[in-house]
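# Structural overview
What follows is each chain in one-letter form.
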Amino acid sequence: MTHTVDVHPLVSPWGRFGLYSFYVDAPEPAIVDTGIASSPADGMAPALEAIGRRIEDVRWILLTHGHIDHVGGAHALWEMTGRRARVVIHEADAPMLRSRGAHVEEYREGRGRYLTDPEGEAKVTAAANAVISGEMEPSVLLRGGESIPLGGGVTVTAHAVPGHTPGSVAYVLDGQGAVFTGDAVQVHGAANGFPGYTDPAAYRRSLLYLRDEIRPRRLYLGHPYRRADGTPYGVELDAAQAAEALDQSLAAEGRVTDAACRCLEAGPRESDSPYSPFAPVAEELGYTGDPTLEPSPFFTSLHGYRTQRQRT
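The sections below set out a description of the structure shown in this document. (Residues numbered from 1 in each chain as written. Predicted model: local features only at pLDDT ≥ 70, side-chain atom pairs only at ≥ 80, totals over all residues. Heavy atoms only, no water.)

## A closer look at the overall build of the protein chain
Let me state the cut-off plainly: Counting from the N terminus, the helices are DSSP H or I runs at least four residues long and the strands are E runs at least two residues long. Using C-alpha atoms as the atom set, the radius of gyration is obtained and then compared with a globule rule of 2.2 Å times the number of residues to the power 0.38. To sort residues, take the accessible area from a 1.4 Å probe on protein chains only and compare it with the maximum for the residue type: under 20% means buried, over 50% means exposed, and anything in between is partly exposed. Contacts are assigned to residue pairs that have any heavy atoms within 4.5 Å of one another. Method for areas: the Shrake-Rupley scheme with a 1.4 Å probe, in which residue coverage is limited to the protein chains shown.
In terms of regular secondary structure, the protein chain is built from 10 helices and 12 strands. On C-alpha atoms alone, the protein chain measures out to a radius of gyration of 19 Å, which is about the 20 Å that the 2.2 N^0.38 rule sets for 312 residues. Buried residues in the protein chain amount to 53% of all 312 residues. Taking as baseline every contact in the protein chain between residues at least 6 positions apart, the subset at least 24 positions apart corresponds to 65%. When the accessible surface of the protein chain is split by element, carbon and sulfur atoms take 50% of a total near 13000 Å².

See below:
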């Protein structure tokens with residue numbers, strides 16, 4: 001790497017959330033994650049103009065995973081670059097870039113099994129149609145370990161960090177220790193106050209890999225994830241904060257694992273609880289958040305534990 005590259009967080013509004021993307025100011029500029037359909041025009045373009053940069057000059061679109069609030073703006077951003085930017089995603093999450101229907105299928109096969117909203121699937125379908133700017137084929141499919149050249153000797157290495165989704169990726173700005181993890185580091189959860197992951201064992205392995213092997217000097221998160229006391233981190237963490245966030249993520253995952261295992265060993269039971277059939281987990285952890293609010297991380301994670309147990 002020939003010189004230090006600046007990274008600029010770009011925030012776009014979406015309801016109760018702020019959606020974060022990151023501009024990597026390399027000779028071939030990259031944007032990590034794309035928010036929703038409106039984000040490139042309403043959030044990214046004016047933020048880049050304010051720092052003397054143009055969205056038309058972006059040459060790489062690096063997607064950390066396939067969730068709607070990270071890939072929703074990909075097609076719109078690609079169009080704004082004159083279709084010159086290369087769109088990069090892990091092969092396991094590529095179906096969510098190619099098809100709005102994949103988001104509905106994810107809902108149906110996971111958290112939708114436990115939510116009692118008869119219109120839940122229709123709502124996810126409407127959201128996918130509204131906030132995904134277009135279905136598209138990625139330019140580059142990742143497996144992990146690939147080096148992405150951003151010009152001038154600047155490279156980014158892609159590391160597979162599955163758990164939150166099967167195709168979650170951490171992008172490491174080589175020689176600088178800047179690491180973009182999207183939602184692969186959940187700490188104690190974001191606005192819903194619960195960490196969300198589809199594969200608990202993979203999630204823990206990925207956290208250990210990030211902490212012990214990658215060791216970020218700068219960590220860029222997809223949302224302002226929260227500490228145990230509920231206070232949020234920012235989305236740009238220094239080395240000490242990154243180590244703390246990874247340790248807290250592992251501790252939170254450990255507590256959820258213990259409670260989930262006890263619940264599953266006793267046998268999940270249907271009840272009137274909004275956390276049914278995993279009410280003992282919520283009670284043991286003191287979790288009082290609304291499990292129906294999308295993206296429903298409580299049910300996403302607990303379904304992951306149930307699936308993991310069925311496989312073993």
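## Observations concerning the side chain of Gln176
With respect to the helices, strands and loops of the structure, Gln176 is situated in the loop between strand E9 (169-173) and strand E10 (178-182). In this structure Gln176 comes out as buried when scored by relative accessible area, which is 18%.

## What to know about helix H10 (residues 297-311)
Our working rule: Here a helix's expected span is defined as the number of its residues, less one, multiplied by 1.5 Å.
Here H10 spans 21 Å end to end across 15 residues, near enough to the 21 Å set by a 1.5 Å rise per residue. Packing partners of the buried residues in H10 comprise helix H5 (101-109), helix H7 (200-214), helix H8 (239-266) and helix H9 (279-285).

## Re the environment of Gln308
Operational definition: In protein, a polar contact requires one atom able to donate a hydrogen and another able to accept it; more generally it is a pair of N or O atoms within 3.5 Å, and residues adjacent in sequence count only if both atoms are side-chain atoms.
Within the secondary structure, Gln308 is located in helix H10. On the accessibility criterion, Gln308 (21% relative accessible area) is partly exposed. Considered as a pair, Gln308 and Leu77 are 231 residues apart in the sequence and their alpha carbons are 37 Å apart. Gln308 has contacts with Asp199, Pro200 and Ala201, leaving out every residue within four places of it along the chain. There is a polar contact of 3.0 Å between the side chain of Gln308 and the backbone nitrogen of Ala201.

## Regarding the pairing of E9
What counts, and what does not: Two strands make a pair as long as DSSP finds a minimum of two bridges between them.
Counting buried positions along E9 gives five out of five residues, so the element sits mostly inside the fold. Pairing between strand E8 (residues 155-160) and E9: five bridges, direction antiparallel. Directly across from His159, in E9, lies its bridge partner Ala170. Direction of pairing for E9 relative to E10: antiparallel, over a ladder of three bridges. Across the sheet, the residue bridging to Val172 is Val179, located in E10.

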